[in-house]
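The primary structure of each chain is shown beneath.
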Amino acid sequence: MRVTLKALLCAAAAGALTLTAFDGASAQKYQSRGTPNIGASKPTTPSRGGGGGGDRGGGNWRGPGWGAAIPGIITVLPHLVQPSQGGQFIDDGTVVEDEDRTRRTRRPSQRTTRRNPSGAPPASERRLVPDEIVIELRNTMTPQQVQALQNRHRLTRLEQQVSQLSGTTMYRWRIPDRRSVPAVVRELEADNVVASAQPNYLFSLQQASAATEGDPAQYELAKLKLPQAHSLARGGKVLVAVIDSGVDVQHPDLAGAIAGTFDTLASDKTPFTPHKHGTAIAGLIAARGKLVGAAPEAQILAIRAFDPDGHGDATTFNILKGLDWAAAQHARVINMSFAGPSDPAIHRSLQAAHKKGIVLIAAAGNAGPKSPPLYPAADPSTIAVTATDADDKLFALSNRGKHIAVAAPGANIFVAIPDGGYERSSGTSYSAAAVSGIVALMLEQKSDLKPNQVRAVLMATAKDLGPKGRDSLFGAGLADAFGAVSAEGPALATLPLPVKRVSTGAR
C-alpha cells in the first residue's frame, strides 16, 4: 500500500499517529499535537534493607530500621517512582521536565487532573504506610459525592486538607480490609471523580552522627564570603520556611528569628519536642547569637513535618501540609533538608510553589556516589545543593547527578541544638540551609527575583570546583554569597537560565 507524506501528516494531525525521530541511540517522540513525550524506563533502585513491621495507633505509623543511619539529612531510600509529569528526552541520558504539561482525562460531565504513569508504587516498595492512601479530589465535589466515593471503595477517612497550591483537596484514607495499597490505588484511578491516588510514602530522619561540642569557629562563613555579603544585605524580613523535625524556638541564637510555627502532626496528638536537625537548620539560616547564620535577619517559618522520636518518619501527607502552609504564609524560600522517593503529589505542589515565585532549596542527599537521584532535590522546580569540606573537597556521602546546582560547606559544621547547646555535624542538609540563607540575602536586595533567576545567579557566580565547568559532583561550584548579592542590573538580566535535568536511568 502506498502511503504519501500528506496522508501521514493528516493522520498525525488527527491524533491517529505518533511520529518518532531517531538520532543515534536515542529517540525523541512527538505526539500528534507536537508536544514531546517520553517512554521512561522502569524505576530501578538498589535495596536499602527490608521494611520492618510495626503497630499503628492514632493514624501515625512507622516501620523501624529502614536503611543505615546517614548523617545530617532527613532521608529514606525507597524504590524511586516515576515523576508524574512528562518530559523531553535528551540523548545524554537526562530528562528536561516540562512544568506546564499536564495530561487531563476527559469524560462526560467529569474533568480530572489525573496524570500518567499510575501512582501505584512498585511491587517491591515497602517504605509506605501499608494501609493508607492519599487521594486528590476536585474542590467542587459535594460532601455527598465524597462519601459515596468512600463507600464505593470501602475506605475510612482519616483527614483532609484543602490545598491552596494545587487548588484541590487532599484526603488521607485508610484501607480497613487488608487490600494492598497498589490494588486500591489502581481501583481509584479507574474512578472518574478521582484526580489522583498514591501511597502515603514515608520519609525518614537519619540523625547527624557526631555529637560533641567544639570550636565555635564557622569556617563556612569565609568560604561562602558571607561577611562581605552581610555588608550589603542580612536577609531582613525575608520569610524562609523550614520543613523539618521541629525547632527549639527558645534557643538563644534564634531569639527574634521565628516568625511562625506549624505542626503538621498536631492532629496525631504527637507531643512536640524540639529536635536537633530542625534546630540546626534554622540556626544555619538565621542564627544571631553565638553563631551567625547565612541570613541573620531573615525570619523563620518553622514547620514540623517529621516525627522526632528517633526514626524521624514523615509522610507524603504531612509534607504536603507543610508546603501548603508555607505558601499561605507567603514564604519566599522553602528549605527542604530531606530526601526520599519521587512523589507525584509532592512534585505537583513544588511545581505550583515554583510558579508562585517561591524559591525551593533541597539537600542533594547523603546516600553516596552510587545512589540514584533523590527527591525533592532532583525535582526540576528545586535548587539542589551538595556538600563540601573545609578543603573544598566533596563530602564523601554526597549524592551525585546532573541535577546538582551548587555546593556549600556541609562537613564538620558547628550547629545549634536544643536546650541552648551546640555540636559539630555533617551532611548536605547543612549545605542546603546555607544556600537558603544566601537566597534570603539576594531577595532582600532584589525582591522581584524569580526562582529561575535565583538559580541562574547562584550558578553564574559560583566558584568552579572539580572538572572545569558544571559537573555532576559540585554542580556549578561553591556558592559565593557576595557575588550572588552583588549581581544586578544588565549583568543579571542577561544571565542564562540553566536547564534542570534529572537522570532517567536512575529512576
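Because the structure is a prediction, the values reported are computed rather than measured.

Engineer: Outline the sheet that holds strand β17 (residues 314–315), supporting the account with residue identities and numerical values.
Structural biologist: Think of a sheet as strands paired side by side through backbone hydrogen bonds, with each pair either parallel or antiparallel. Across the sheet, 5 strands lie side by side as β10-β11-β9-β12-β17; this open sheet has antiparallel pairing. On the outer flanks of this sheet lie β10 (156–162) and β17, each paired with one strand and no other. As judged from the 6 bridges shared by strand β9 (residues 128–138) and strand β12 (residues 194–203), these two strands associate in the antiparallel manner. Paired with I135 across the strands is A197, a residue of β12.

Engineer: Quick rundown of the sheet that holds strand β15 (residues 258–263)? Include the residues and the values.
Structural biologist: Strand order in the open sheet formed by 7 strands is β15-β16-β14-β18-β20-β21-β22, with parallel pairing between adjacent strands. Each edge of the open sheet is held by one strand with a lone partner, namely β15 and β22 (404–409). With strand direction ignored, the average angle separating the axes of adjacent strands in the sheet is 25 degrees. Two elements, β15 and strand β16 (residues 299–304), share 5 bridges in a ladder whose sense is parallel. Across the sheet, G260 pairs through a bridge with L301, a residue of β16. Here helix α7 (residues 316–328) sits on the sheet and contacts β14 (239–244), β15, β16 and β18 (333–336); the angle it forms with β15, its principal contact strand, is near 150 degrees.

Engineer: Which residues make up the packing of helix α6 (residues 276–286) against helix α9 (residues 428–445), and what values go with them?
Structural biologist: Packing of α6 against α9 brings their axes to within 8 Å, and their N-to-C directions diverge by 35 degrees. Handedness of the α6/α9 crossing: right-handed. Between α6 and α9, the contacting residues are H277, A280, I281, L284 and I285 on the first element and S429, Y430, A433, S436 and G437 on the second.

Engineer: So, the pairing of β9: which residues are in play, and what are the values?
Structural biologist: Of all 11 residues in β9, 9 are buried, a share of seventy percent or more. Note that β9 and strand β11 (residues 168–174) share 7 bridges and pair antiparallel. Looking at β11, one finds that I135 is bridged to Y171.

Engineer: Explain unusual backbone geometry to me, using residue names and the numbers behind them.
Structural biologist: Residue Y375 is joined to P376 through a cis peptide bond whose omega torsion reads 15 degrees. Counting through the fold element by element, P376 comes out in the loop between β20 (359–363) and β21 (382–388). Positive phi outside glycine occurs at K225, with the angle close to 55 degrees. Assignment of secondary structure puts K225 in the loop between α4 (219–223) and α5 (226–230). Look at K225 and you get partly exposed, because its relative accessible area is 35%.

Criteria and cut-off values
Residues numbered from 1 in each chain as written. Predicted model: local features only at pLDDT ≥ 70, side-chain atom pairs only at ≥ 80, totals over all residues. Heavy atoms only, no water. Pairing = 2+ DSSP bridges. Helix = DSSP H or I, 4+ residues; strand = E, 2+ residues; numbered from the N terminus. Axes fitted to C-alpha atoms, helices over the stretch in contact; angles between N-to-C directions. Contact = heavy atoms within 4.5 Å. Left-handed = near helix turned anticlockwise from the far one by under 90°. Buried < 20%, exposed > 50% of the residue type's maximum accessible area, 1.4 Å probe, protein only.

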